[in-house]
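# A look at the structure
Each chain, letter by letter, is given below.
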Amino acid sequence: MATTTADGPPVEPQSLKKLSLRSLKRSLDLFAPAHALLFTPDAESKRIRTGCKVRAEYGAVKDLPPEQGRGGQGKGPAPPSSTALALPGTKDTKDGHGEGTSNAIVPVPLMLPKAPESTIPGKNTTLSIPGSSDRFSTSALMERIPSRWPRPTWHAPWKNYRVISGHLGWVRSIAFDPGNEWFCTGSADRTIKIWDLASGTLKLTLTGHIEQIRGLAVSQRHTYLFSAGDDKQVKCWDLEQNKVIRSYHGHLSGVYCLALHPTIDILLTGGRDSVCRVWDIRTKAHVSALTGHDNTVCSVFARPTDPQVVTGSHDTTIKFWDLVAGRTMCTLTHHKKSVRAMALHPKEKAFASASADNIKKFSLPRGEFLHNMLSQQKTIINSMAVNEDGVLATGGDNGSLWFWDWKSGHNFQQDQTIVQPGSLESEACIYALSYDVSGSRLVSCEADKTIKMWKEDLTATPETHPINFKPPKDIRRY
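Bear in mind the structure is a predicted one, so any value in this text is a computation, not a measurement.

### Looking at the overall build of the chain
A tally of helices and strands in the chain yields four helices and 30 strands. For the chain, with 478 residues in total, the buried portion stands at 43%. Accessible surface for the chain amounts to roughly 26,800 Å². Of this, 54% is attributable to carbon and sulfur atoms.

What follows is the structure, given as structure tokens:
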């Protein structure tokens, strides 16, 4: 309510906030015009500042006689009270050493590189005033140091050339025949389908699981196909008879990942019971349980040499396992989110791991962190694969398919999968990725119930698709 004064118009009551803003504006109007102006240098303060600097940097040698400070033309030994050492590297000093003046010195903490005479106070120089020319950066005058980051190799962009429909549910897993003639996919429709790689036609459908199939692997030494699913079952299929010949019982919950050892007849499975279990393929025996994770084991791969087993988990860690002793060799805690996918390089002793925060590269066998990939996909990454040419592919929950140069971590292509007509936009999700044995074709399994096949664009050249690469300014070590 307005108040009326005796000799003027009514005055509106003003809030504290309004009064504060008005005070701030008044201060700004008062000081803003002179904000960018430089202060007038004060000769007295300049003289005091110069004197302090001289005393601080040259106080110990400022008042020494020339023959003591430089170890110069003195004919006799230095006085016993002198505690200085000769300045190294000058001709006078070397002469002085020969004539017994080896005790003349500058205190050791002050043995700094000799500055040019033009910068030494007291040599008729004028110190620059901060705020005048020092405001301008000297980076333009500095010699440019070339980045140590490796330049990416040029790779042709990849394009989708085939879409295969046939499953009635999300396609969750994929595995290739070692002879590169066919591949198999596992789905939420509880079936395993085998497809011809060249033509994309359906060859066979296997039924037997009662829940969605999360993991598949084809043996290189036997005619066996292994499958694992949410029904806690791990099955061994004989592809000569097209039927289940063994089942491996022991998981307490759904089985999320599966891998075969490259040289020994053992099978590795990981699941929601936070355990990686080791099975003997031939006898169905449960060899050991690799316990140590605090959450679902969602990715696993095996190597011929130690560490023979590497697992990634929803507890954000990656563990290296000693298969003989059955215990952890090393735990990597670099990720901040679930490690849902890992990819072992087919040639190098290195692997990559993916989580929602970053894609990281580690060396083997010690697990040293190498570097992060130079971009962030900013989605949950469900799968990744790398071929011998060093092309790393990662598939995300939002349908993004990104291609990376393995050596430099440069993201050279970002693609987005297109959902099939009749599917929801939210079903643009990639669950599994795998290259064929040659590494020239990539197959993705998706939530719109389709399988998409990708290959390099043979018409692309470095001129039509140049590399747009900027090396990182800072290299993170974690």
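### Some thoughts on the confidence of the model for the chain
Per-chain confidence: the chain averages 83 in pLDDT, with 76% of residues scoring 70 or above. Low pLDDT, under 50, characterises residues 69-113; the predicted model gives this stretch 58 contacts beyond four residues in sequence or across chains. A low-confidence stretch, residues 115-136 (pLDDT under 50), is modelled with 20 contacts involving residues beyond four sequence positions or located in other chains.

### Some words on the nonpolar core
By size, the foremost hydrophobic cluster in this structure holds 14 residues, and its most contacted members are Ala354, Ile359, Met384, Leu392, Trp404 and Trp406. Elements that contribute at least two residues to this core include exactly β20 (341-344), β21 (350-354), β24 (381-386) and β26 (400-405). With sequence-adjacent residues up to four places away left out, Leu392 is seen in contact with Ala343, Ala352, Ile359, Met373, Met384, Ala385, Val386, Trp402, Phe403, Trp404, Trp406 and Tyr435.

### A short note on the sheet that holds β20
Two modes of strand pairing occur in sheets, parallel and antiparallel, and in both the strands are linked by backbone hydrogen bonds. Strand order in the open sheet made by the four strands is β20-β21-β22-β23, with antiparallel pairing throughout. A strand with exactly one partner marks an edge of an open sheet, and here the two such strands are β20 and β23 (369-372). Strand-to-strand twist of the sheet, defined as the mean angle between neighbouring strand axes without regard to direction, takes the value 20°.

### Some points on empty space enclosed by the protein
Empty space among the atoms can be located by rolling a probe the size of a water molecule over them. All chains considered together, the criterion is met by one cavity of 30 Å³ or more. Put simply, the largest cavity is a space of about 40 Å³.

### Details of the packing of aromatic side chains
Using the criterion set out here, one finds 13 aromatic pairs in the structure. Plain terms: the ring middles of Trp170 and Tyr431 are 5.4 Å apart, the flat faces sit at 35° to each other, and that makes the pair tilted. Taken together, the residues span a long stretch of sequence, with Trp170 in the loop between β3 (158-165) and β4 (171-176) and Tyr431 in strand β28 (residues 430-435) at a distance of 261 residues. Relative accessible area serves as the criterion here: at 36%, Trp170 is assigned to the partly exposed category. Take Tyr431: its relative accessible area is 14%, and that puts it in the buried class. With centroids separated by 5.8 Å and ring planes inclined at 65°, the aromatic side chains of Phe362 and Phe369 adopt a geometry described as edge-to-face.

### Focus on the environment of His371
Within the secondary structure, His371 is located in strand β23. Taking the C-alpha atoms as reference points, His371 and Ser408, 37 residues apart in sequence, are found 8.9 Å from one another. Excluding residues that lie within four positions of it along the chain, His371 makes contacts with Trp149, Ile359, Lys360, Lys361, Trp406, Lys407, Ser408 and Gly409.

### Let's talk about the pattern of salt bridges
The full count for this structure, using the stated rule, is 10 salt bridges. Residue Asp280 is joined to Arg282 by a salt bridge in which the shortest nitrogen-to-oxygen separation is 3.5 Å. Within this structure, Glu446, Asp448 and Lys452 form a network of salt bridges that share partners.

### Quick notes on the side chain of Ser408
Mapped onto the elements, Ser408 comes out in the loop between β26 and β27 (411-416). A distance of 3.3 Å separates a polar side-chain atom of Ser408 from the backbone nitrogen of His410. Those residues in contact with Ser408 that lie beyond four places of it in its chain are Trp149, Pro150, Arg151, Pro152, His371 and Leu374.

### Considerations on the side chain of Asp238
By secondary structure assignment, the location of Asp238 is in strand β10 (residues 234-238). For the buried Asp238, no salt bridge is present, and the opposite-charge side chain at shortest range is Arg246, 7.6 Å distant. Setting aside residues no more than four positions away along its own chain, Asp238 makes contact with Thr223, Tyr224, Lys243 and Ile245.

### Structural notes on the sheet that holds strand β25 (residues 391-396)
Taking strand neighbours across the sheet as the criterion, the four strands line up as β24-β25-β26-β27 in an open arrangement whose pairing is antiparallel. Looking at strand neighbours, the two that pair on one side only are β24 and β27, the edges of this open sheet. Looking at each pair of strands side by side, their axes are set apart by 15° on average, direction ignored. Sheet topology places β24 next to β25; five bridges connect them, and they run antiparallel. Within β25, the position partnered with Ala385 by the bridge is Ala393.

### Some remarks on helix α1 (residues 16-31)
For α1, which comprises 16 residues, the first-to-last C-alpha distance of 23 Å matches the rise-based estimate of 22 Å (1.5 Å per residue) to within 8%. By the criterion of burial, α1 is predominantly exposed, with just zero of the 16 residues buried.

Conventions used here
Residues numbered from 1 in each chain as written. Predicted model: local features only at pLDDT ≥ 70, side-chain atom pairs only at ≥ 80, totals over all residues. Heavy atoms only, no water. Helix = DSSP H or I, 4+ residues; strand = E, 2+ residues; numbered from the N terminus. Buried < 20%, exposed > 50% of the residue type's maximum accessible area, 1.4 Å probe, protein only. Areas by Shrake-Rupley, 256 points an atom, 1.4 Å probe, with all protein chains shown as cover. pLDDT = per-residue confidence, 0-100. Contact = heavy atoms within 4.5 Å. Core = buried A, V, L, I, M, F, W, Y, C linked by side-chain atoms within 4.5 Å. Pairing = 2+ DSSP bridges. Axes fitted to C-alpha atoms, helices over the stretch in contact; angles between N-to-C directions. 1 Å grid on protein atoms, 1.4 Å probe; cavity = no way out; pocket = protein on both sides within 12 Å on 5 of 7 lines; lining within 4 Å. Points joined across faces, edges and corners; volume = space filled by probe spheres on them. Phe/Tyr/Trp six-rings, centres within 6.5 Å; stacked < 30°, edge-to-face > 60°. Salt bridge = Lys/Arg side-chain N within 4 Å of Asp/Glu carboxyl O. Polar contact = N/O pair within 3.5 Å; in protein donor to acceptor, adjacent residues only side chain to side chain. Lys, Arg positive; Asp, Glu negative; His and termini not counted. Expected span 1.5 Å × (residues − 1).

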